[in-house]
Amino acid sequence: MVAASATSTSHVEAVPDGGWNGFRPGEQLRITGGGTDGSGRPPASASNWDVYLATTQTGELLPFVSTRDGWRRHGLTTPSMNTGRIRGVADYVVRSEGELERAFAALSPGETIRIDPKNAPYRTTDWLDIDVDGVTVVGPGVPTLIKPADSANVGGIRIGHNSRCRDVTVRDVGYHGNADNQDDAAKKLHGIIVRDASNVVLRGNAVTRTHPYREHGDGGSGISVERGSQNVRIVDNRIREYGDRGIQLGSRNTFVSGNIVTEGTDRPIACDLWSPEGTNEVANTVIITGNIVGNSTQGSLTGIASGAPGEFDDGAHVTITNNIGFGYHKSFCHVRGPGAVHNVTIRGNVSIQSTDGLRTKQTPKFAGVAIDPKEGGRNITVTGNKLIGYSRHGVNVQSPIADFEVTDNILTDAAEMGVRVEGARNGRVVGNTITSPGSDGILLDSAEAVSVGNNRVREAALPGITVNGESGGGHELSDNYVHQHADADPEVPGVLVGSSETVVSGNTIRQTGDVALLELRGASHNLYTNNRAIGNETGRADSAHAVRALRNDENPWRIRSATAQVRDHTPAFDSHRGSTPTDGTLRVQFEKPYVRRPKLSFGRRGGGVERIRYRTNDAGAFVGATLSVGGDGPVDLFVESP
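Residues numbered from 1 in each chain as written. Predicted model: local features only at pLDDT ≥ 70, side-chain atom pairs only at ≥ 80, totals over all residues. Heavy atoms only, no water.

A. Region of the structure containing empty space enclosed by the protein. Scanning the model with the defined rule gives 1 cavity of 30 Å³ or more in all. Taken as a whole, the largest cavity spans an internal volume of roughly 40 Å³. Across the lining of the largest cavity, the residue classes break down as 6 nonpolar, 3 polar and no charged. (1 Å grid on protein atoms, 1.4 Å probe; cavity = no way out; pocket = protein on both sides within 12 Å on 5 of 7 lines; lining within 4 Å. Points joined across faces, edges and corners; volume = space filled by probe spheres on them. Nonpolar A, V, L, I, M, F, W, Y, C, P; charged D, E, K, R; others polar.)

Next comes the structure, spelled out in structure tokens:
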């Protein structure tokens, strides 16, 4: 390597637009370089240097030569310039394995290494460590630039492994892990590791075939950013055929964008570092946006696995937005682990699942988004995603989390439920479009205080909305549109309510069977108001599907609880039209018991209603009425909760 202040050349020519002729071959040429000032000129003095190589933001070189009038932009051709060291452009330009390893071993703060593509791949025998501040490593964009030697049992570049450092950039470096020729005992030979560093940029790199290959937990990952790191940008990298995870994060303040991560073992992007023998390192304050991820043989495409309970009091703080998922994988996103997870947003992603290619030992059935941390958590949002063809649910919330939202998603062809919520509380399932789920459209199971509103559920094989009771309740089901599947069983209701203290209001149910809404035995203190049922011409799936309003003498509402309140349904819930008195007496049996005396209203009154006597059961609930009616004309009686 030659000092920057006296870089020797064998031949330098001025091209026709030059005019500089003050240099004779054999003399020393003084070269420096760096950026330009506000006018686009070199900031260095033209009297101190012969050549200034200005660098642009895109990595191009702009040569200037010294003249009597100062710096002049110049064309420069040089067939053989020995540029081992050029200040401001590169402190090392390496062209062999030895030069590469010596350059990393001798790094000083602020230095730049440029790796020449001519002799790639560089067959390294040791890790390439960066442990000082301000280092930049620039490759030529060759995918197989660095490839460990057979049985070297090393990975690629480590940042902050031996000493904490900051302000490090690695860009356009290719790495092939040579997984087929490393020893089986060697583990975690990642492409790039950031261990104890801050302000790190990894841009435009390519990583493939990390060792061990197809081994989860101890396998080689593409990029691993570990707990002591913060302020890391991972941008526009290409990672494929990786041994464990594509990008795994245990860091803080991390930005992951524009990467293509495919054909790997576990998650393409993981907000945790999982170890078979230890606890997870969990990332905190992360944005994952604009990536393309797919084809994971054993994992979800993105996700977070919490550490042990209490390990991180402030949880995850992760946003996963505007990514594209494809191919074989488990879930698009899985939020899980023994501890609690807080403040996660999964927004605007598009993903379609295939199970061909999965290598799982248990089940091939997975939800598009699965949220199941055992200790729960708070503030988890799943919004605006398009999830297609998942082998279980569209979105599955199965955790004691609080303050969650599942909103404005498009969930198509889920093999089981569109949205399933179990054990969660204080949440919203709002504005989703759910098409052709294999069972229920939306299921609340032992959940508490969940608002289900403005959803459109079409072609559900089972009820469009099901709310089970047991320990849950206090829900609101409002303004939903449910269109049952044409082949649904006639006894399957559009909405099934098994919870208590639930408001069911303003829903439209287009049914193929006989029941629009069914309240299960044991449900109590529910309010049903202003719901509308629409049926097919015959009420059966084999009809011509001509839609009509149900006849007034049909009752699609199966509500039996004495404590339920029912008002303003279409068709009316407890209506008795065209009843004919016998000997001036009309006996009416109500559709359900009423704890309080119900309101009676009339259409036709025959010859006039003279007296009403209510009947009660053994519990004191009102179950019917006996009317004294003048004349024998028909009577229309309507019963409403008080």
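B. The side chain of Asn259, seen in detail. On the secondary structure map, Asn259 appears in the loop between strand 21 (252-257) and strand 22 (260-264). Under the relative-accessibility criterion, Asn259 is labelled buried at 0%. At a separation of 2.8 Å, a polar atom in the side chain of Asn259 contacts the main-chain amide nitrogen of Asn237. Ignoring anything within four residues of it in the chain, the contact list for Asn259 reads Ile234, Val235, Asp236, Asn237, Ile247, Gly290, Asn291 and Ile292. (Helix = DSSP H or I, 4+ residues; strand = E, 2+ residues; numbered from the N terminus. Buried < 20%, exposed > 50% of the residue type's maximum accessible area, 1.4 Å probe, protein only. Polar contact = N/O pair within 3.5 Å; in protein donor to acceptor, adjacent residues only side chain to side chain. Contact = heavy atoms within 4.5 Å.)

C. Examining the sheet that holds strand 60 (residues 599-605) more closely. Spatial ordering of the open sheet is given by 58-63-60, a layout of 3 strands whose pairing is antiparallel. Edge positions in the sheet fall to strand 58 (574-579) and strand 60, since each has one partner strand and no second. Within the sheet, the average angular offset between the axes of one strand and its neighbour, ignoring direction, is 10°. (Pairing = 2+ DSSP bridges. Axes fitted to C-alpha atoms, helices over the stretch in contact; angles between N-to-C directions.)

D. Inspection of the side chain of Asn409 at higher detail. Following the sequence through the fold, Asn409 ends up in the loop between strand 38 (401-407) and strand 39 (410-412). Of note is the side chain of Asn409, whose polar atom sits 3.3 Å from the backbone nitrogen of Gly384. The contacts of Asn409, once residues within four sequence positions are left out, are Val382, Thr383, Gly384, Asn385, Gly431, Asn432 and Thr433.

E. Region of interest: the confidence of the model for the chain. Mean pLDDT over the chain: 87, with 88% of residues reaching 70 or higher. Taken as a whole, residues 1-23 scores under 50 in pLDDT and shows 51 contacts with residues more than four places along the chain or in a different chain. In the predicted structure, residues 77-84 sits below a pLDDT of 50 and forms 19 contacts with residues beyond four places in sequence or in another chain. (pLDDT = per-residue confidence, 0-100.)

F. Quick look at the sheet that holds strand 5 (residues 70-73). The mixed open sheet is built from 4 strands, whose spatial order is 2-3-4-5. Bordering the open sheet on either side are strand 2 (31-34) and strand 5, each of which pairs with just one other strand. Sheet twist, expressed as the mean angle between neighbouring strand axes with direction ignored, is 30°. Where strand 3 (residues 51-55) lies against strand 4 (residues 61-67), 5 bridges are found, and the strand directions are antiparallel. Pairing of Val51 across the sheet is with Val65, part of strand 4.

G. Summary view of a nonpolar patch on the surface. Among the surface-exposed residues, Ile260, Ile292, Ile324, Phe326, Val350, Ile352 and Ile388 lie close enough to one another that they form a single nonpolar patch of about 510 Å² accessible area. Among the elements of the structure, strand 30 (324-326) and strand 33 (350-352) are those that each provide at least two residues to the nonpolar patch. Tracing the chain through its elements places Phe326 in strand 30. (Patch = residues over 30% accessible without salt bridge, like charges linked within 9 Å, V, L, I, M, F, W, Y side chains within 5 Å. Areas by Shrake-Rupley, 256 points an atom, 1.4 Å probe, with all protein chains shown as cover. Salt bridge = Lys/Arg side-chain N within 4 Å of Asp/Glu carboxyl O.)

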